[in-house]
Amino acid sequence: MTQLVSLLTNAIVFGTVILYGALGEIVTEKSGNLNLGVPGIMYLGGIAGLAAAFFYEMHAAAPIGWVGLVISFLAAVAASMLGGLVYAFLTITLRANQNVTGLTLTIFGAGLANLFGGSLNALAGGVGQISVAVTSRAYRAYSHTLSGLGWVGQLLFSFGFMAYLAIALALLANWFLNRSRVGLNLRAVGEDPATADAAGVNVTRYKYLATCVGAGVSGLGGLYYAMDYIKGTWSTDGTIEALGWLAVALVIFATWRPARAIWSAYLFGVLYWAYNYISGLSRASIELFKMLPYIVTILVLVAVSLRRSKEAQPPKSLGLSYFREER
Amino acid sequence: MNNHEPLIHIARRDGLVWWRAWCVRLVSLILALLVSALFIYSITKLNPAKVYAAMWEGAFGSARRAWITARDASILLCIGVGLAPAFMMRFWNVGAEGQMLMGGCATAAVLIYCGGALSTFQLLLLSAVVSVAAGAVWGVIPAFFKARWNTNETLFTLMMNYIAIQITCFLVALWENPKGSNSVGVINQQTQAGWLPALFGKQYLLNVVIVLALTVAMYLYLKYTKHGYEISVVGESENTARYAGISVKRVIVRTMALSGAVCGLSGFIAVAGASHTISTSTAGGRGFTAIIVAWMAKFNTFVMIVIALLLVFLEKGAVQIASQFHLNDYASDVVTGIILFFLLGSEFFIQYTVRFRSHSQKNEEVEA
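In this text the structure is predicted, and so the values were computed from the model without any measurement.

### Notes on the overall build of chain B
Within chain B, the secondary structure is distributed over 14 helices and 2 strands. Relative to the globule expectation of 21 Å for 368 residues, the C-alpha radius of gyration of chain B, 23 Å, shows essentially globular dimensions. Its C-alpha atoms put chain B at 85 × 60 × 35 Å along the principal axes. For chain B, buried positions account for 49% of its 368 residues. In chain B, once contacts between residues fewer than 6 apart in sequence are set aside, the share between residues at least 24 apart is 77%.

### A short note on the overall build of chain A
Counting its secondary structure elements, chain A contains 15 helices and 0 strands. Taken over the C-alpha trace, chain A has a radius of gyration of 20 Å; the compact-globule value for 327 residues is 20 Å, and the two agree within 12%. Out of the 327 residues belonging to chain A, those deemed buried represent 52%. Counted over contacts in chain A with a minimum sequence separation of 6, partners at least 24 positions apart contribute 80%.

### Considerations on helix α11 (residues 286–296) of chain B
Every α-helical turn comprises 3.6 residues, leaving residues that sit three or four positions apart pointing alike. All names here are of chain B. By the criterion of burial, α11 is predominantly enclosed, with 11 of the 11 residues buried. Looking at α11, one finds that the buried residues are Arg286, Gly287, Phe288, Thr289, Ala290, Ile291, Ile292, Val293, Ala294, Trp295 and Met296. Looking at the residues trailing α11, positive phi occurs at Lys298, about 50°.

### Observations regarding the nonpolar core
Ala22(A), Leu23(A), Leu250(A), Ile291(B) and Val293(B) are the most contacted members of the largest nonpolar core, which totals 220 residues. The dominant element in this core, judged by the number of residues it contributes, is helix α10 (residues 248–275) of chain B, at 14 residues. Among all residues touching Ile291(B), those that are not within four sequence positions of it are Val100(A), Leu103(A), Leu83(B), Val94(B) and Ala96(B).

### Side note on the interface of chain A and chain B
Opposite the 44 residues of chain A that make contact, chain B presents 39 residues. Going through the elements one at a time, α3 (65–93), α4 (98–123), α12 (239–253), α14 (283–289) and α15 (292–307) of chain A are the ones with two or more residues in the side of chain A that touches chain B. Among the elements that make up the side of chain A that touches chain B, the one with the highest residue count is α4(A) (16 residues). Taken together, the residues that form the side of chain A that touches chain B break down as 28 nonpolar, 12 polar and 4 charged.

### Here's the deal with unusual backbone geometry
All names here are of chain A. Phi is positive for Thr255, close to 45°, though the residue is something other than glycine. Within the fold, Thr255 resides in the loop between α12 and α13 (258–273). A residue is classified by how many C-beta atoms lie within 10 Å of it, and Thr255, with 19 of them, is partly exposed. Phi angles above zero are rare outside glycine, and Trp256 is one such case at about 60°. Along the chain, the position of Trp256 falls in the loop between α12 and α13.

### Remarks on helix α11 (residues 203–229) of chain A
Residues and elements named next belong to chain A. Spanning 27 residues, α11 covers 38 Å between terminal C-alpha atoms, matching the ideal 39 Å at 1.5 Å per step. For α11, the buried fraction is high: 22 of the 27 residues fall into the buried class. In the stretch just after α11, Lys231 is the one whose phi turns positive, near 60°.

### Looking at the confidence of the model for chain B
All names here are of chain B. Per-residue confidence for chain B gives a mean pLDDT of 81; residues scoring 70 or more make up 91%. For the stretch residues 364–368, pLDDT sits under 50, and the model shows 0 contacts to residues farther than four places along the chain or on other chains. For this predicted complex, the interface score ipTM comes out at 0.86, alongside a pTM of 0.87.

### Focus on the packing of α3(A) against α11(A)
All names here are of chain A. Where α3 contacts α11, the two axes come as close as 7 Å, and the packing angle between them is 140°. Taken together, α3 and α11 sit at an angle that is classed as oblique. Considering how the two elements wind past one another, α3 and α11 form a crossing that is right-handed. Residue classes in the contact of α3 with α11 are distributed as 15 nonpolar, 11 polar and 1 charged.

### Description of the confidence of the model for chain A
The predicted model of chain A has a mean per-residue pLDDT of 85, with 95% of residues at 70 or higher. Mean pLDDT across the elements of chain A bottoms out in helix α6 (residues 144–147) of chain A (68) and peaks in α11(A) (92).

### Describing the pairing of strand β1 (residues 8–12) of chain B
All names here are of chain B. Of all 5 residues that make up β1, 0 are buried, and the element is exposed over most of its length. Bridge count between β1 and strand β2 (residues 352–356): 5 bridges; the pairing is antiparallel. Bridge assignment links Ile10 to a residue of β2, and that residue is Val354.

### Re the environment of Leu7(B)
By the secondary structure assignment, Leu7(B) is in the segment before β1. Spatially, the C-alpha atoms of Leu7(B) and Ser119(B) are 71 Å apart, while their sequence positions differ by 112 residues.

### What about the packing of α12(A) against α13(A)?
All names here are of chain A. Here α12 crosses α13 at 130°, and the two axes come no closer than 10 Å. It follows from the interaxial angle that α12 and α13 lie oblique. Crossing of α12 over α13 shows right-handed handedness. Contacts from Leu246, Leu250 and Phe253 of α12 reach α13 at Ala261, Ser264, Ala265 and Phe268.

### A look at the environment of Ser131(A)
Residue and element names in this part refer to chain A. Here Ser131 shows up in the loop between α4 and α5 (133–140). Judged by C-beta crowding, with 18 C-beta atoms within 10 Å, Ser131 ranks as partly exposed. Placed 74 residues apart in sequence, Ser131 and Glu57 show a C-alpha to C-alpha distance of 9.6 Å. Each residue touching Ser131, except ones within four places of it in the same chain, is listed here: Gly232 and Thr233.

Here is what the cut-offs are and how they apply
- Residues numbered from 1 in each chain as written.
- Chains lettered and ligands numbered in written order.
- Predicted model: local features only at pLDDT ≥ 70, side-chain atom pairs only at ≥ 80, totals over all residues.
- Helix = DSSP H or I, 4+ residues; strand = E, 2+ residues; numbered from the N terminus.
- Rg over C-alpha atoms; globule rule 2.2 N^0.38 Å.
- Buried ≥ 20, exposed ≤ 12 C-beta atoms within 10 Å, placed from the backbone.
- Contact = placed C-beta atoms within 7 Å.
- Core = buried A, V, L, I, M, F, W, Y, C linked by C-beta atoms within 7 Å.
- Nonpolar A, V, L, I, M, F, W, Y, C, P; charged D, E, K, R; others polar.
- Expected span 1.5 Å × (residues − 1).
- pLDDT = per-residue confidence, 0-100.
- Axes fitted to C-alpha atoms, helices over the stretch in contact; angles between N-to-C directions.
- Parallel < 35°, antiparallel > 145°, perpendicular 65-115°, else oblique.
- Left-handed = near helix turned anticlockwise from the far one by under 90°.
- Pairing = 2+ DSSP bridges.

Written as C-alpha cells, this is what we have:
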C-alpha cells in the first residue's frame, strides 16, 4: 500500500509538469498551430520564474515566500507568452513553416534557460548552484492536517497549489473548448480557417491569442518543474526538454481533449516511475521501461488514424499557415 | 475610393531574382548578427567586434579547430542531405535524431562484437551496411503508417526519436566500459579496428569526402532521375501524382527508406569516423538542427553546405566565447536561435511584397 501510494504521488507530481505543457499545446493546436516549441517554452517559463525569484530573494532583506511566488509566477507567464509571441509572429504574420519555427524556439529556449540557469549565480557574483529556497517552499506548501489523513490525505492533499491549479485549468479548458462561443470559434479556426474567416471570425486574432495564451500555460509546466519538482534549483541535464516532448506526446494520447489529459498525464507518470517499484530490474532494463510513454503514444496515434472517428482526429488544418488570398 | 482598404497590402511575388533573394537573406543575417552581438554584449560587456573575432578564433583558429569544424559540419550536412528527399515530398521527417542514433548504435554494435574477428575494411563495410539498414527501418515504420492510414508523420517520427534515445541509453548501460562509468568509452582504442582511416594523413578528410560525394549524388538524384521527379510531384500534389499513375504509397515508403538510410549513415560517420563511442550525444540534437538546415536550403543540397558551415561556425564560436568568459556552452544555442529566427522571417520578404495603402494606390495607377 505505501508503495502504491508513493508511486501515485510521484506520478501526480510528474504528471502535473507535462499536464501544463500539454494543456497549453492543446489550446495552441486547436487554432491549427502545431507548436513544436513546447520544450523551449517550458524552459523559458522555468528560468524566468527562477530568475525572478532569485533576484527578489537576493535584493529583499527578508524575502517573503508568497511575494516571491507571485513575482516568479508572473515572470514565468510573461516570458513564456513572449516565446509564444515570437512563434506566432513568425508563423502567422510572416508565414514561416511551423515545424521549423517551433524547433528553433526549442533550441533558443533551451539555450537561453540553460545559459542563465548555469551561470546566473556566477553573473551575480555568487558561487555554486542557484537556489531559491524561500520561494520554492511557498510553492510546495500544503496543509499538514489534511495530508495527515492516512493514504487518502497523502494522495489528495500532499501537493503544492500548482498541482490543483493544473486540474482546474484542464477543466476550464474543457469547458472553454466545448461550451463557450469563443472556444467553438477557435476550433473552427483550427479545422478550417477559410470557412471560419468567411463566417466573420478574425482568424489572425484567434491564432495569435490561442498561441500566446497556450504558451503561457505551457510555460507553467517549466515553472512547476523548477520550483516544485526540483525544489527551486536548476540543472542543465536536459530533463525539461524530454518532459516537453512528453507533453507533446500527451496531447496526442489525450486526443486533444483537456479533461482526458488529466488522467493521461498521471498515467504517463505511473508509466515513467513504474521501474522504481519493480524489484530486480537492471539499470539497462530501466532505460527500456522509460520508453513506455512514447510507445503507448505511437499506438494511440496509429489507433486514432485507423478508427477515423471524427471526434479523435487532430485539428484538420494543423500545421498549415493560413493566407486569405490563397484559399 | 474604398475607405476599408487595409493599411498594409500583402501579395505573393511571382518570384524574386536569385541574387535579390540572397541579398534579403544576407541583410537578415547581418541583422541577426547585430542582435546577437547586442545580446552577448549585454551579458559579457565585451566589444562585439572582439566577440566575433573570438568566434572566428574558436572555429578556425588553428588547423585542428578548422578540421573539427569541418568534421561537425559534414555530419550536420549529411543529416540535412538525408532529409532533403523527405522534405521535398512534404513528408515531415522530424525523426532524423532517432534514425541517426539507430545507425550509430548499429555501427557501435559491429565494432564491439566483431572488432577482433574482421579486418578494418570488412568492419567498415559491415557497419556501414548495418547502420544504413537500421536508419532505413526507423524511417520506414512511420512512412508505412502514413502511406497506409495517413497517420500524422510529424508526431510519429518525433516519438520514434525518443524510442531510439531510450534504446541508446539501454545499449550504453549494456556495453558500459569500465563498469559503473555510465559510458561506453572509446571503442577499440588500442586496435583502432573499424575506425575510418586517415586520408593523406588528415584524420577527418575521409568523412568530408564521403559526405560531399553524398551531397552531389543526392542533388543529381533529386534533380535528374525519375525517382526525384516522382518525389517532387507527390510533394506538390498527391492527387496529381495519383492521376499521373504514380504509386504514392510506394514513393512515400521508398523515399523514407532512403531518407532514413542516409541519416543512419550519418550515425555511422559520427561513430566510426568521429567520436568512436556511442551515447545520446552522438546525435545531441543535431537531428533537429539538420531539419532547419534542410528546410532553409529549399532541398538544394549545395546550399546546405553553406548553412551547415554557418551553424557549426556559430556553435564553435559561441563555445569559445563561453569558455573565455566562464559562461556555459549554451550561449551557442541562443545565438543559433536568434539567427534562425531572422532567417526564417526573411523568407517572407522573399515570397511576398508588402505595400502600404498610399503606395499601393500609386503602384496600381502605374501598373494600369
